[in-house]
Amino acid sequence: MTHAPHAPHAPHPSHPSHPPLAPASGPTRRALLVAGAGAALAAGCAPGGSPGAPAATPGGSASTGAASGGLTPGAMTLFNDPAYNFNGLLALGAAGAGAAEVGEVLTAVNAINGSGLSAQTYVETFRSLGDQLLKAPPGAPADDQSKRFRALRAAQYYGQALFFVLGSDDPGSEERLYRAGRGAWDTFCDLCEPAAVKATVPYGATPLPVWFFRPDESGTPRPTVILTNGSDGQNVDMWTYGVPAALERGWNALVYDGPGQGQLLFVDRVVFTPTWEKVVTPLVDWLAARPDVDAAKIALTGLSMAGDLVPRAAAFEDRLAAVVAMPGCVEPWLGFPGEIRQILTPDKQQTNDIWNKRVVPELPASAAAVMKKRFEPFSVPAMLEARQGRLFTDFYTPATRIRALSIASVIGRIKAPTLVLDYEGEQFYPGQPRRLYDALTSPKDYVELTAAQGAQLHCSPMAPQLHCEVVFDWLQRKLASG
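About the cut-offs
Residues numbered from 1 in each chain as written. Predicted model: local features only at pLDDT ≥ 70, side-chain atom pairs only at ≥ 80, totals over all residues. Heavy atoms only, no water. Helix = DSSP H or I, 4+ residues; strand = E, 2+ residues; numbered from the N terminus. Buried < 20%, exposed > 50% of the residue type's maximum accessible area, 1.4 Å probe, protein only. Areas by Shrake-Rupley, 256 points an atom, 1.4 Å probe, with all protein chains shown as cover. Phe/Tyr/Trp six-rings, centres within 6.5 Å; stacked < 30°, edge-to-face > 60°. Lys NZ or Arg CZ within 6 Å of the ring centre and 35° of its normal. Core = buried A, V, L, I, M, F, W, Y, C linked by side-chain atoms within 4.5 Å. Contact = heavy atoms within 4.5 Å. 1 Å grid on protein atoms, 1.4 Å probe; cavity = no way out; pocket = protein on both sides within 12 Å on 5 of 7 lines; lining within 4 Å. Points joined across faces, edges and corners; volume = space filled by probe spheres on them. Nonpolar A, V, L, I, M, F, W, Y, C, P; charged D, E, K, R; others polar. Salt bridge = Lys/Arg side-chain N within 4 Å of Asp/Glu carboxyl O. Pairing = 2+ DSSP bridges. Right-handed = clockwise from strand over helix to strand, strands pointing away. Polar contact = N/O pair within 3.5 Å; in protein donor to acceptor, adjacent residues only side chain to side chain.

Helix and strand counts for the protein chain stand at 18 helices and eight strands. Out of the 482 residues belonging to the protein chain, those deemed buried represent 60%. Within the structure as shown, the protein chain displays about 16,100 Å² of accessible surface, and the carbon and sulfur contribution to it stands at 52%.

This part is about the packing of aromatic side chains. Within a pair of aromatic rings, the relevant descriptors are the distance that separates the centres and the angle that separates the planes. Under the counting rule described, the total for this entry stands at 26 aromatic pairs. A centroid spacing of 5.6 Å and a plane angle of 80° characterise the contact between F336 and F375, whose relative ring orientation is edge-to-face. Of this pair, F336 sits in the loop between β6 (322-326) and α12 (338-341) while F375 sits in helix α14 (residues 365-375); the two residues are 39 residues apart in sequence, bridging distant segments of the chain. Accessibility expressed as a relative area gives 0% for F375, which makes it buried. Cluster of aromatic residues (ring-pair linked, three or more members): F79, Y84, Y122, F126, Y157, F163 and F164. The ring of Y446 carries R434 above its face, with NZ or CZ at 3.9 Å from the centroid.

A word on the nonpolar core. W185, F188, F213, W239, F472 and L475 are the most contacted members of the largest nonpolar core, which totals 80 residues. By residue number, the principal contributor to this core is helix α5 (residues 144-164), which donates ten residues. If we ignore the near neighbours within four places in the chain, the residues touching F472 are V225, Y241, G242, A245, A246, R249 and W251. If you look at the next biggest cluster of nonpolar residues, it comprises 65 residues, including Y203, L283, V293 and W355.

Turning next to the layout of surface pockets. Summary: where empty space remains is shown by rolling a probe the size of a single water molecule over the atoms. In this structure, the second largest pocket spans a volume of roughly 200 Å³. Lining the second largest pocket are 13 residues, and of these P244, A245, E248, Q465 and C468 lie nearest its centre. Secondary-structure elements contributing two or more residues to the lining of the second largest pocket are α7 (235-240), α8 (243-248) and α18 (464-481). The biggest single contributor to the lining of the second largest pocket is α18, with four residues. Per-class residue counts for the lining of the second largest pocket are six nonpolar, four polar and three charged.

Next up on the list: the pattern of salt bridges. This model, assessed by the stated rule, comprises 21 salt bridges. For R290, the salt bridge goes to D292, with nearest N and O atoms at 3.0 Å. With a closest N to O distance of 4.0 Å, D438 and R434 form a salt bridge. You can see D438 and its partner R434 sitting in helix α17 (residues 432-439), four residues apart, about one turn around the helix.

We now examine the side chain of R312. For R312, the location among the structural elements is in helix α11 (residues 306-314). Once residues lying within four places of it in the same chain are set aside, the contact partners of R312 are P274, T275, W276, E277, I407 and V410.

Looking at chain direction, strand β7 (residues 418-423) and strand β8 (residues 444-449) are connected through six bridges and run parallel. Of the residues in β8, the one forming a bridge with V420 is Y446. In terms of handedness, the path from β7 via α17 over to β8 forms a crossover that is right-handed.

Before going further, it helps to examine the side chain of R290. When you line up the elements, R290 lands in the loop between α10 (277-288) and β5 (293-303). A distance of 3.0 Å separates a polar atom in the side chain of R290 from a polar atom in the side chain of D292. Beyond its immediate stretch of four places on either side in the chain, R290 contacts V197, F212 and R214.

None of this, on its own, says anything about what the molecule does.
In structure tokens:
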């Protein structure tokens, strides 16, 4: 998920509202692409992770009223920059699942603000916190239970650092930072009781790593939930947004890295695919072959941009008993500001000339960092250039791949009962959850989580427990009845 500098609107997922779109025409086109796109990117309006609620200026500072009003008032404003604030709220919200500690997060926030908020201070602070947690706690050597949850929190903090590393002084450390977080996650999984089953599932030339969580080792066939991440979340987010909720109900939960995510992106260098059914079908095959899985009760959830991927898979994979899109999304490309979308033309050379000659030279550094983050899951060259501190030169190819994620033409094929979540102040895909819901012809439900519940913004970063209650209570009804 999540998680905000998300891209053109700054991550996390990664992590609230889109600026008005001005028409591109005649002599004003350049101004729109440079000034307009810069402001929109810094505010964070892209697919996947997401920034904070308020819009931001090209320099990254929150606009008037952002810090004290709007959807992140008072104590909900950890950072004045909405992208960093969104990510910080995600970390804080994860405490309810043991994937963060309130005191640790707030201490890190104070340290970052005290040093001066920047990608560098954010990355350094959270990376150091992850390193610290992999050591013994004060007082005595850690037993396995302490090691387990310290590793989970370390995975969270490494993920926080990873999100912003491309904008830091050491973008080339991205893969090492990913591996640190992955190592912490694997340590946590090995220490679970019972230990998560770690395996790989066939997918083209690059198998999908999976982590299968069970309530016990009895072998009893159980309902199973496949948890799907978004465009820039990490495995630890799937713990926060589903694994404990499944285990507490006596269900199994499957976490995986798909193309464009985790190991497949940062190590294997495989980018997102629009045909997500080719990812999910092998997972269903693998689960259905296990004696501890009730093959008639396999559900699929999708967080952040996976609110587009999961309905796509459900349009072609008929064995799913229920589907949840969190939030619903029909066209991830529309999550980018109009000033950015205007760059893409039918002609590759023309598109890249506009990008390189008219946009890049005047793109604010903050917006450039967001673009690096937002586009890397769709272009290996863009990722490798970003690791060298450079902005990609081929805009056309990744932009075309993002646009190809549209599921508008296949929604009518979905047969499984579907829950579509929406969020008050949804900053990446406003209006799209309702659009998905309206287009569904299968049994369907729509739920909006609100500010009155403390569950506003993309993926309810401050209320993942409420989020899970809504999702899993709905799944309980559908799986019990079906």
